[in-house]
Amino acid sequence: MATVATSATTITDKEFVRGLINKMLRVEISDGRILIGSLLCTDRDRNLIIGGAAEYWNTVQGEPRLLGLVMVPGKHIVSICVDTSCSDVTKLLETYDKSK
């Protein structure tokens, strides 16, 4: 099992992934789409379940398509990062919820 060194402690891979649960992630998949949403769970095959997902094509600057709950197969994941610019998606989801 691999470990990740931080400034004060060393954490395992499992602990690192647990720390990402409920965080907003930006996931790029093999066909060029970008999904931004909250990580709900994962499995040993690297599949991700993302809640409140918004889909973008090639760039986050375009108009998003709201998908809701999404399962992303691990074999199609190109990159994953914690999304620090999630305020736009949050505002979009709040607007969407108020319209219902």
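Structure shown above.
Residues numbered from 1 in each chain as written. Predicted model: local features only at pLDDT ≥ 70, side-chain atom pairs only at ≥ 80, totals over all residues. Heavy atoms only, no water.

Caption draft 1: Here's a closer look at the overall build of the protein chain. For the protein chain, the helix and strand inventory stands at 2 helices and 7 strands. Walking the protein chain from its N terminus toward its C terminus, one meets helices and strands in the order β-β-α-β-β-β-β-β-α. By the burial criterion, 27% of the 100 residues in the protein chain qualify as buried. Contacts spanning at least 24 positions in sequence make up 40% of the contacts within the protein chain whose residues lie at least 6 apart. A total of about 6,800 Å² of accessible surface is found on the protein chain, and carbon and sulfur atoms cover 54% of it. (Helix = DSSP H or I, 4+ residues; strand = E, 2+ residues; numbered from the N terminus. Buried < 20%, exposed > 50% of the residue type's maximum accessible area, 1.4 Å probe, protein only. Contact = heavy atoms within 4.5 Å. Areas by Shrake-Rupley, 256 points an atom, 1.4 Å probe, with all protein chains shown as cover.)

Caption draft 2: Representation of the nonpolar core in the model. Among the nonpolar cores identified, the biggest contains 11 residues, and these are Leu-20, Leu-25, Val-27, Ile-29, Leu-35, Leu-39, Leu-48, Ile-50, Ala-53, Val-70 and Val-72. Secondary structure elements with two or more residues in this core: β3 (24-29), β4 (33-42), β5 (48-57) and β6 (65-72). Ignoring sequence-local partners within four residues, the contact set of Val-27 consists of Arg-33, Ile-34, Leu-35, Leu-48, Ile-50, Ile-77, Ser-79 and Ile-80. Residues Met-24, Ile-34, Ile-36 and Ala-54 belong to the second largest nonpolar core, which totals 5 residues. (Core = buried A, V, L, I, M, F, W, Y, C linked by side-chain atoms within 4.5 Å.)

Caption draft 3: Quick peek at the side chain of Glu-55. As for its placement among the helices and strands, Glu-55 is situated in strand β5. Polar side-chain contacts of Glu-55 include one of 2.8 Å to the side chain of Arg-33. Non-local contacts of Glu-55, meaning those with residues more than four positions away in its chain, are made with Arg-33, Ile-34, Leu-35, Glu-63, Pro-64, Arg-65 and Leu-67. (Polar contact = N/O pair within 3.5 Å; in protein donor to acceptor, adjacent residues only side chain to side chain.)

Caption draft 4: Structural detail: the environment of Val-17. Relative to the elements of secondary structure, Val-17 occurs in helix α1 (residues 13-20). By relative accessible area, which is 32% here, Val-17 ends up partly exposed. Once the C-alpha coordinates of Val-17 and Thr-42 are considered, the two residues, 25 residues apart in sequence, prove to be 8.6 Å apart.

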